[in-house]
Amino acid sequence: MMIRSIFSAAILAVATTFAPTHALAQDTFTLKLAETWGPNFPIFGDATKNMAAMAEKMSNGRLQIRIDSANKHKAPLGVFDMVRAGQYDMGHSASYYWKGKVPNTLFFTSMPFGMTALEQYAWFYYGDGMDLMQEVYEPLGLKSFPGGNTGVQMGGWFRKEIKSVEDLQGLKMRIPGFAGEVFAEVGVSPTNIAPGELYTALERNTIDAVEWVGPALDLRLGFQQIADYYYTGWHEPATELQFLVNQKVWDGLPADLQEILRISMRTAAYDMLIQSQHENAKAWASIKNEYPNVQIKNFPDDVFQAMYKANNKLLTEAAAGDELAAKIIKSQEDYLKDSRAYTDISERAYLNTMGTVE
């Protein structure tokens, strides 16, 4: 009850602090948001609904957001183009989906062997993350905001056990972002497929393996009915979704509604992270009892070493070929080095200590 009361008080304080002037008291704004996910998609879709509800409440109804899911706009991986063109005012998706259009967008979702969710949020809000992200998106007429984190993602579902690098050769796998490029370096044939098509692609052997999110969302899609091997993650240690906003639309909002929208997006993003933790923990507990066929695996050491080497090679090439990419990569590496030093003596030390308790 205390947490709920504090949150309600915070909402009231924001609404009071940014109360509209008399001249704007009757103005209302309805924004259209396109999301990559299907209707009522859990966790990801909850983030957009929570954001819209908070924005409407804090603005006393002056800011309303209409959400169109992928079944409505028919372009789950077209959100970037639709928001940029002004067909939609806002979008909810993942920044690394746009790497084929603007390569530097991929750095703002998650990077292999990179920051955890706590470290990444600190980089966004207290390091250079937000400024660098806007440096990428501003020339495109867009604003990008963190849109919710999944935490560490699982490494994917495989029909056959991966025992060595040789087992990856020619393997067709759905895996987006920089991790897809890393896998390609070690012999995998990566592809990106819209979320609603993943089960069918795996079932029909269009792909041999699929990486999605984690237990809560993976089990809902039914991958455990097709593939027996479920690998732990390395590729997305902190997968941050994004809220996209058309720059002209943003500029057209009064200052108080801009701030209300900003706070609504930030709060919804945080809530998605803790919801992900909660739902994944529940789903993980069910795997052993309900799906005895599923075997939890770590990738072999030689596979990890090959992927780590490929990752470093690709980062070096990206930095050499693009000045802005080099700046982003250095910022992430420097922040990770400092932040991980503390993570090691805090969270890692705690977990290691707890592992010795009987």
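Every chain is numbered independently, its residues counted from 1 as its sequence is written. Only residues with pLDDT of at least 70 are given local features in this predicted model, and only at 80 or more are side-chain atom pairs given and counted; all residues enter the totals for whole chains, interfaces and linings. With hydrogens and water stripped out, all remaining heavy atoms of the structure feed into the side-chain values.

**Structural notes on the nonpolar core**
The condition is simple: The term nonpolar core refers to a set of buried residues drawn from Ala, Val, Leu, Ile, Met, Phe, Trp, Tyr and Cys, joined through side-chain atoms within 4.5 Å. Buried residues are those whose accessible area, probed at 1.4 Å on protein chains only, stays under 20% of the maximum for their type, while exposed residues exceed 50% and partly exposed ones sit between those limits. Whether two residues are in contact is decided by their heavy atoms, any of which lying within 4.5 Å being enough.
Counting 80 residues, the largest nonpolar core has Phe44, Phe183 and Trp212 as its most contacted members. In contact with tryptophan 212, not counting residues within four places along its chain, are Trp37, Phe41, Phe44, Tyr97, Gln153, Arg174, Pro195, Leu198, Leu217, Asp218, Leu221 and Phe223. The next biggest cluster of nonpolar side chains, apart from the first, holds 21 residues, and it includes Ala52, Ala55, Met58 and Leu257.

**Quick notes on the pattern of salt bridges**
This is how the line gets drawn: Every case where a carboxyl oxygen of Asp or Glu lies within 4 Å of a side-chain nitrogen of Lys or Arg is listed as a salt bridge. The secondary structure listing takes helices from DSSP runs of H or I that are at least 4 residues long and strands from runs of E that are at least 2 residues long, numbered from the N terminus.
Counting across every chain of the model gives 15 salt bridges. For aspartate 68, the salt bridge goes to lysine 72, with nearest N and O atoms at 3.8 Å. Its relative accessible area of 5% is what places aspartate 68 among the buried residues. Taking the shortest distance from any N to any O, the salt bridge between arginine 348 and aspartate 344 comes out at 2.6 Å. Of this pair, arginine 348 and aspartate 344 both sit in helix H13 (residues 323-354), separated by four residues, roughly a single helical turn. The class of arginine 348 is partly exposed, set by a relative accessible area of 43%.

**Details of a negative patch on the surface**
Basically, it comes down to this: Here, patches come from residues exposed beyond 30% relative accessible area and free of salt bridges, joined within 9 Å for like charges and within 5 Å for nonpolar side chains (Val, Leu, Ile, Met, Phe, Trp, Tyr). For the area figures, the Shrake-Rupley method with a 1.4 Å probe applies, and any residue is considered shielded solely by the protein chains shown. Residues scored as charged are limited to Lys and Arg (positive) and Asp and Glu (negative), so that His and the chain ends carry no count. Taken as the charge centre is NZ of Lys, CZ of Arg, CG of Asp or CD of Glu, depending on the residue.
A contiguous patch of negative charge, built from Glu166, Asp167, Asp301 and Asp302, is present on the exposed surface. Looking at where aspartate 167 falls in the secondary structure, it is placed in the loop between strand E5 (156-158) and strand E6 (172-174). We classify aspartate 167 as partly exposed; its relative accessible area is 33%.

Remember that the coordinates give geometry; whether it matters functionally is a separate question.
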